[in-house]
Each structure stands twice: as C-alpha cells, then as structure tokens.
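Per-entry structural report
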Protein chains: 2
Amino acid sequence: MDEIKGLSEVFKLLGEPNRLRILLSLGLECRPVSAVIAATGLSQTNVSFHLRTLREAGLVRGEPNGPFVFYCLADPELLTLIEQVRHWQSGRVESAEENGATSSRAGRSAAPRRRQRASG
Amino acid sequence: MDEIKGLSEVFKLLGEPNRLRILLSLGLECRPVSAVIAATGLSQTNVSFHLRTLREAGLVRGEPNGPFVFYCLADPELLTLIEQVRHWQSGRVESAEENGATSSRAGRSAAPRRRQRASG
DNA sequence: TGCTCATATCAGGCGTCGCTCATATGATAC
DNA sequence: GTATCATATGAGCGACGCCTGATATGAGCA
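Another point: the overall build of chain A. In terms of regular secondary structure, chain A is built from 6 helices and 3 strands. The proportion of buried residues among the 120 residues of chain A is 33%. Contacts in chain A between residues far apart in sequence, at least 24 positions, make up 51% of those at least 6 positions apart.

Below, the structure is given as structure tokens:
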C-alpha cells in the first residue's frame with residue numbers, strides 16, 4: 001500500500017470525534033466495553049461498532065475476561081502522539097482566541113486575493 | 001467548541017490521503033499551486049479545493065506573488081508531528097509484516113470471542 | 001435448561017464530503 | 001483593450017461511513 005495512504009488512514013481513524021473519545025476514554029488502562037459506554041455516553045452498539053473498527057485497524061486489542069471484554073490501546077505510544085497533537089492544537093486555539101477581534105470572515109482565512117463572484 | 005471535537009477535526013483534515021499528500025508536498029517551503037499540482041498529480045481544481053479547506057482551517061497560508069500564490073504550512077511544527085506519527089506507523093507496518101505468516105482473517109484482528117452468525 | 005447480562009453483528013437510512021466540470025477572477029504582457 | 005496564464009469558486013453527483021434498531025451469541029448463575 002501507498003505509505004501516505006496508510007498514514008492518512010491512521011489520521012482518519014482518529015478524525016472521527018466519537019472514536020477519538022473512545023480511545024481517550026481508555027487512556028493507558030484496559031477497560032470493559034461498559035466502562036467505555038459510561039464514559040462516552042454513546043450507545044452500546046455504536047461503541048461496539050467503533051471498537052471493532054479500531055481493533056481491525058490494530059489500534060486497540062480486546063481481551064475477554066468472563067462475560068466482559070476489556071479493551072486497551074495496542075500501543076501506548078499512540079496516546080503520547082495524540083497528546084502531542086492535542087497540545088499543539090490547544091496552542092493554536094489559544095492563539096486564535098487572542099486574535100479574536102477579527103471578524104468571523106477573516107477568521108475563516110480569507111482567500112489570498114480579492115475575489116468577487118459576478119453572480120454573487 | 002468541544003476540545004476533542006476540535007482535535008478530531010485536525011486529524012480528519014490529515015485523514016484525507018490527497019490532502020495529506022498536498023501538505024507533505026509543501027514540506028517546509030512555500031510553493032506555488034502549480035508546484036503542488038505537479039508534485040501530487042491531482043487536478044488544479046481539486047488542489048485548489050483542498051488548499052482552501054486547509055487554509056480555512058488555518059493549517060496553511062497563501063501568499064500572493066504576481067500571478068502566483070505560494071502556499072506554506074502555517075506552523076512548521078505540524079510537519080514534525082506528522083512525521084512522528086509517520087514514524088510510529090511505519091514501525092507498526094514493519095511489525096505487522098513480520099507477523100505476516102498469519103492468515104488474512106487473523107490479520108484483521110478477529111473478534112475477541114468465538115462468534116458465529118446463525119444466518120451466516 | 002432457562003434466564004440475565006455483556007457484547008457483537010447485520011442491514012438500512014441518511015448526512016457528509018471528495019471530485020469533476022464549468023466558469024469566474026486576478027495578474028501580466030503586448 | 002485583448003489575450004494568456006494562474007488560481008479560485010460554484011454546483012451537482014456519487015461514494016463513503018456513522019448511527020440506529022433488531023437480533024444473535026457467549027458467559028455465568030440458579
């Protein structure tokens with residue numbers, strides 16, 4: 001597989017808010033599905049669905065224990081990476097808020113050149 | 001905005017293969033759109049579309065120069081973060097290839113418990 | 001064996017978004 | 001002013017994937 005494609009697939013997995021919530025709810029522990037449901041407030045089937053996706057991608061692993069299945073990160077290093085991006089993003093957000101006096105349009109990063117649509 | 005939602009949006013932006021290709025084609029330089037098109041092989045309008053998305057999200061900035069618009073990363077730190085994840089991912093890929101003797105089903109991370117669908 | 005609880009899976013609906021075609025706009029040269 | 005080149009934008013289509021409701025399966029207990 002194309003390397004960049006494979007890399008983008010990791011990002012894509014993390015790019016779904018509820019899936020990211022699920023991963024972060026695990027932290028560095030192994031937790032039963034019910035704990036993930038309680039922590040995220042998502043439905044059981046939705047959690048199960050996302051956990052399957054994460055499991056098949058190799059980001060988490062499931063370990064049966066009696067009637068429970070405990071899920072944890074397959075590699076704790078992933079959490080470190082996520083936290084690094086999180087730290088970077090929070091810095092951007094704070095920086096953007098400091099520039100908050102600009103209008104919402106400017107906040108959307110106006111096109112580099114003046115441009116008007118004739119039909120506009 | 002919900003912090004995790006905001007974080008997932010960064011990942012989502014990076015989770016689109018062509019958008020990631022565009023970002024990586026910039027590297028640490030400011031480059032005209034035409035260079036991005038040449039480097040990625042994507043159509044002009046598709047590149048422009050993605051650059052707009054990246055620009056509005058604040059990941060890149062565009063600088064007009066004569067008839068050209070040069071784009072670069074708004075924060076070079078982003079490239080560092082991407083490369084870190086890339087390094088992590090390539091380690092996983094190599095590790096998975098070393099375990100390549102397993103069947104494709106096992107490679108897909110079988111469900112934690114034996115499960116058969118009666119209607120299967 | 002039947003019941004309860006925990007979890008997984010299936011199928012379908014619907015919203016999101018990547019890409020294309022057509023076209024508009026800005027900058028420069030003649 | 002016109003032509004050319006570089007780039008941006010609008011609109012629409014089709015693919016994708018999240019979520020839900022229904023249901024299946026496994027484990028434990030009486």
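Every α-helical turn comprises 3.6 residues, leaving residues that sit three or four positions apart pointing alike. All names here are of chain A. An ideal rise of 1.5 Å per residue puts 16 Å on 12 residues; helix H1 (residues 3–14) measures up with 17 Å between its terminal C-alpha atoms. Of all the positions in H1, only Ile4, Gly6, Leu7, Ser8, Val10, Phe11, Leu13 and Leu14 are classed as buried. Between a side-chain oxygen at the N-terminus of H1 and the backbone nitrogen of Ile4 the separation is 3.1 Å; the capping residue is Asp2.

Let us now look at the sheet that holds strand E2 (residues 60–65) of chain B. All names here are of chain B. With antiparallel pairing, 3 strands are arranged side by side in an open sheet as E1-E3-E2. Every other strand in the sheet has two partners, leaving strand E1 (31–32) and E2 as the edge strands with one partner each. Direction of pairing for E1 relative to strand E3 (residues 68–73): antiparallel, over a ladder of 2 bridges. In the strand pairing of E3, Pro32 is matched with Phe70. Across the sheet, helix H2 (residues 17–26) touches E1, E2 and E3, and the angle it forms with E3 is around 95°.

Taken as a whole, this structure holds 12 salt bridges over all chains when the rule is applied. Asp2(A) is paired through a salt bridge with Arg21(B); the nearest N and O atoms lie 2.0 Å apart. Remark: Arg21(B) occurs in helix H2 and Asp2(A) occurs in the segment before H1; the pair is interchain, linking two chains. Relative accessible area serves as the criterion here: at 35%, Asp2(A) is assigned to the partly exposed category. Of the charged contacts, one joins Glu63(A) and Arg61(A) as a salt bridge, the two residues approaching to 2.7 Å between their closest N and O atoms. Classification of Arg61(A) by relative accessible area gives partly exposed; the value is 37%. One network of salt bridges, in which partners are shared, links Glu3(A), Glu83(B) and Arg86(B).

About the criteria used
Residues numbered from 1 in each chain as written. Chains lettered and ligands numbered in written order. Predicted model: local features only at pLDDT ≥ 70, side-chain atom pairs only at ≥ 80, totals over all residues. Heavy atoms only, no water. Helix = DSSP H or I, 4+ residues; strand = E, 2+ residues; numbered from the N terminus. Buried < 20%, exposed > 50% of the residue type's maximum accessible area, 1.4 Å probe, protein only. Contact = heavy atoms within 4.5 Å. Expected span 1.5 Å × (residues − 1). Polar contact = N/O pair within 3.5 Å; in protein donor to acceptor, adjacent residues only side chain to side chain. Pairing = 2+ DSSP bridges. Axes fitted to C-alpha atoms, helices over the stretch in contact; angles between N-to-C directions. Salt bridge = Lys/Arg side-chain N within 4 Å of Asp/Glu carboxyl O.

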